[in-house]
Amino acid sequence: MARWTFAALYAASLVVPAAIWNHNHAALTGLDSAGLKLAWCRLAGLWAVIVVLWQLLFVSRARTMEQTFGFDRLTRFHHYNGFFAVLLLLFHGSLAIMGHAAKADLTNMEQITDFWKIWKYMQAAISGQVLFLTVTLFSIGIIRRRLSYEAWHWSHLAGYLALALAFWHQIFHGRDLVDNAGQRYAWIAIQLAAVAVLIWGRAVLPVLRSFRYRFRVEKLVKEADDINSVYITAEGLDSLAPRGGQFVMVRFLAKGFWSQSHPFSLSMPPRNNTLRLTIKSIGDFTAKIPGLVPGTRVMIDGPHGIFTARRATGKKVLLIAGGIGITPLRAIVEELLADKRQVTLLYNARNEKSLALRQELESLAANPDFRLVLILSHDETWAGEKGKLDEEKIARLVSDVAEHEVFLCGPPPMMAATRKTLEKLGVKPEKIFTEEFAL
Amino acid sequence: MKKLVLCVSLFLGIAGMTIAQDQTAPAEPAKETAVQTEELKIGTTVENLQAALTGELSAKERYLAFSAKADEEGYLQVGRLFRATARSEEVHAGRLAKSIEKMGGTPVMDAQKPEVATTRENLEAAVKGESYENTTMYPAFIKKAEEEKAEAALYPFKGAMAAEEGHARFYSEALKDLEATKQLGVEYLVCLTCGYTTDDAAIQKCPVCEAPREKFETVK
């Protein structure tokens, strides 16, 4: 589906409830100040739910959405859309307090107590609101960076609980829903539909796939300091059609692993019913990877992402890797070479020990169409390119850079800086492909 | 991102403008009944609150007495109706007293002694009293409160006015077929926030103050 179709759907999902709300409040202009606050409170509440349902769809792994936008962009939508939802929820909550307090001659504090003690399902709704705020707080950059992936992940799951907690107060107190059974059933139906899409994409499909493809850990190979490759075997993998550069959400069904799924890139084109993930130990979960036992069953959700060799349409392709960002690019190199492209890979790492997959990259470099440049930022003894990958280096190493399509993968700050540099050097923005989650 | 900002700004803008507009432009006062306005003494809002408070407290006492009389005469449903309206007037009195305190006054909790006649006459008197309150007294008090920008008095007046209109309707219906009220029928629900009285057992939200079902008391 085209992007504008989704944009139109998003807009319509806000406009339609707003139109119904407007119809239900035909006498909006005749309302007094408290009445108006409650009317706006209702619209903010209706919108908040719609926006939260989009939150579910953005992370539901729905294929049509993912093929249109790519996983990373959907995740970015989810991030910003989440803040929009919380903003609406804050409006909804504060307008509800002020409006009802005025109508019942209570102070705002008395009204909150009244909600808590007397109003049915409001304890759940208030708890849901607090949970939503907490989830959002944990997703603000400055706090998110201080949390482990695991802590953030668990906090984020609370969002589902918050949605469930908020449900009943809508049905019992939302005037648009209380007064009109049709609107009430439609409202329940769209919430169930969104949850169904989410459960299908996030739980049912991965389980079905795991049964069908019987993923298992085959072996572990140490690639560099803190970097290990996990080889996973499957049955009849061809029908899943994973592509190099894509990534999968992996859940190892072993003690200490099963409760979380994490995204990892395929670090070589899938072959002989084997997938390879190359993983750097950077968090609690990834630090446990070397302890995985061959034979462990694996649940896989994916493959995801549109960061694949298919994006390249021209002859010359430049790949830029920062650190562990090499993993999807390593897989893409092979597919590009098979497709007779001229490939240059600039691989920026800290030191020799942190270079992952070096040997196989060097053996691929025997192909005259592939040029590999290793750049080490923290290794004075290195005889090759040293320092950061800056404008001077890119311009010198790839003099005709503007004629290339560029695949870029690495830590987000590095990607942002390199993207700017590339654009400065004449690469068109639409010729730069990135995948923030392909790590 | 830009679209998001635009969307939020639009929402905030419209909400802000509408709320601001409402605060500056007082609502149209309700129509007054000329004859009775002449009899009505309009003072300051605090004085009006006290007058209304005395009226509501008196009405409560009167309706309780009417209720006992109706039960005695066998008009059980009318007895129930008067108990419900008495509860409603009590809610109004509580709100009015609170408003007086909010505006710096001290509420005086005096009630006139009720005069009880036959149930038919009591109903007729009650219709008159309620109609006077909801078409003459409260509209005038609301107008005055709006002039004085006395927000604390507005909702108690508006809530009471809306409820009185309902009471008058229930009394008139009972009068149409008084004999039928000898059988107990529907139960009444009274909103404990604004005093709104209804016989709709399925009510979920108060149409006057938007309080939820949980804030309704069933009068048996």
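Details of the structure are given in the entry above.
Being a predicted model, the structure only gives us computed values, none of them experimental. (Residues numbered from 1 in each chain as written. Chains lettered and ligands numbered in written order. Predicted model: local features only at pLDDT ≥ 70, side-chain atom pairs only at ≥ 80, totals over all residues. Heavy atoms only, no water.)

### Overview of the side chain of Gln170 of chain A
All names here are of chain A. Mapped onto the elements of the fold, Gln170 is located in helix α8 (residues 149-173). A distance of 3.1 Å separates a polar atom in the side chain of Gln170 from the backbone oxygen of Ala166. In this structure the side chain of Gln170 is engaged in a polar contact, spanning 2.8 Å, whose partner is the side chain of Trp187. Non-local contacts of Gln170, meaning those with residues more than four positions away in its chain, are made with Val49, Leu177, Trp187 and Gln191. (Helix = DSSP H or I, 4+ residues; strand = E, 2+ residues; numbered from the N terminus. Polar contact = N/O pair within 3.5 Å; in protein donor to acceptor, adjacent residues only side chain to side chain. Contact = heavy atoms within 4.5 Å.)

### So, the packing of aromatic side chains
Here the structure, examined in full by the defined rule, presents 26 aromatic pairs over all chains. Judged by centre distance (6.4 Å) and plane angle (45°), the ring pair of Trp168 of chain A and Phe172 of chain A falls under tilted. You can see Trp168 of chain A and its partner Phe172 of chain A sitting in helix α8, four residues apart, about one turn around the helix. Take Phe172 of chain A: its relative accessible area is 21%, and that puts it in the partly exposed class. Through a chain of ring-to-ring contacts, the aromatic side chains of Phe6, Tyr10, Trp54, Phe58, Phe69 and Phe77 of chain A assemble into a single cluster. For the cation-ring pair, Lys158 of chain B lies above Tyr155 of chain B, with the distance from its terminal atom to the ring centre recorded as 5.7 Å. (Phe/Tyr/Trp six-rings, centres within 6.5 Å; stacked < 30°, edge-to-face > 60°. Buried < 20%, exposed > 50% of the residue type's maximum accessible area, 1.4 Å probe, protein only. Lys NZ or Arg CZ within 6 Å of the ring centre and 35° of its normal.)

### Some details on the pairing of strand β1 (residues 188-191) of chain B
All names here are of chain B. The alternating pattern of β1 places Tyr188 and Val190 on one face and Leu189 and Cys191 on the opposite face, and all of these are buried. Summarising the sheet, β1 and strand β3 (residues 216-219) pair through four bridges and their orientation is antiparallel. Its bridge partner being in β3, Val190 is matched across the sheet by Glu217. (Pairing = 2+ DSSP bridges.)

### With respect to the interface of chain A and chain B
The partner chain B presents 29 residues to the 35 residues of chain A that form the contact. Counting the surface lost from both chain A and chain B, the interface buries some 2,900 Å², and carbon and sulfur atoms represent 64% of this. It is Trp40, Lys103 and Asp105 of chain A in chain A that bury the most area against chain B; as a group they hold 25% of the surface buried on that side. Taken together, chain A and chain B are joined by four salt bridges. (Buried area = accessible area lost by both parts, 1.4 Å probe. Salt bridge = Lys/Arg side-chain N within 4 Å of Asp/Glu carboxyl O.)

### Observations regarding the environment of Asn134 of chain B
Residues and elements named next belong to chain B. For Asn134, the position within the fold is in helix α5 (residues 119-147). Judged by relative accessible area, Asn134 falls into the buried class, the value being 14%. C-alpha separation for the pair Asn134 and Gln77, spaced 57 residues apart in sequence, amounts to 24 Å. Once you skip the residues sitting within four places of it in the chain, Asn134 turns out to touch Pro139, Met161, Glu164 and Glu165.

### Quick notes on the pattern of salt bridges
Residues and elements named next belong to chain A. A full pass over the atoms with the stated rule returns 28 salt bridges over all chains. Among the salt bridges present, the one from Asp179 reaches Arg175, with a minimum N-O distance of 3.3 Å. Since its relative accessible area comes to 27%, Arg175 is described here as partly exposed. Between Arg276 and Glu360 there is a salt bridge, with the nearest N and O atoms lying 2.7 Å from each other. Here Arg276, found in strand β5 (residues 274-280), pairs with Glu360, found in helix α13 (residues 358-364); they are 84 residues apart in sequence, far enough to count as distant. Connected through shared salt-bridge partners, Arg271, Arg276, Arg330, Glu334 and Glu360 make up one network.

These values are about where atoms sit, not about what they do.
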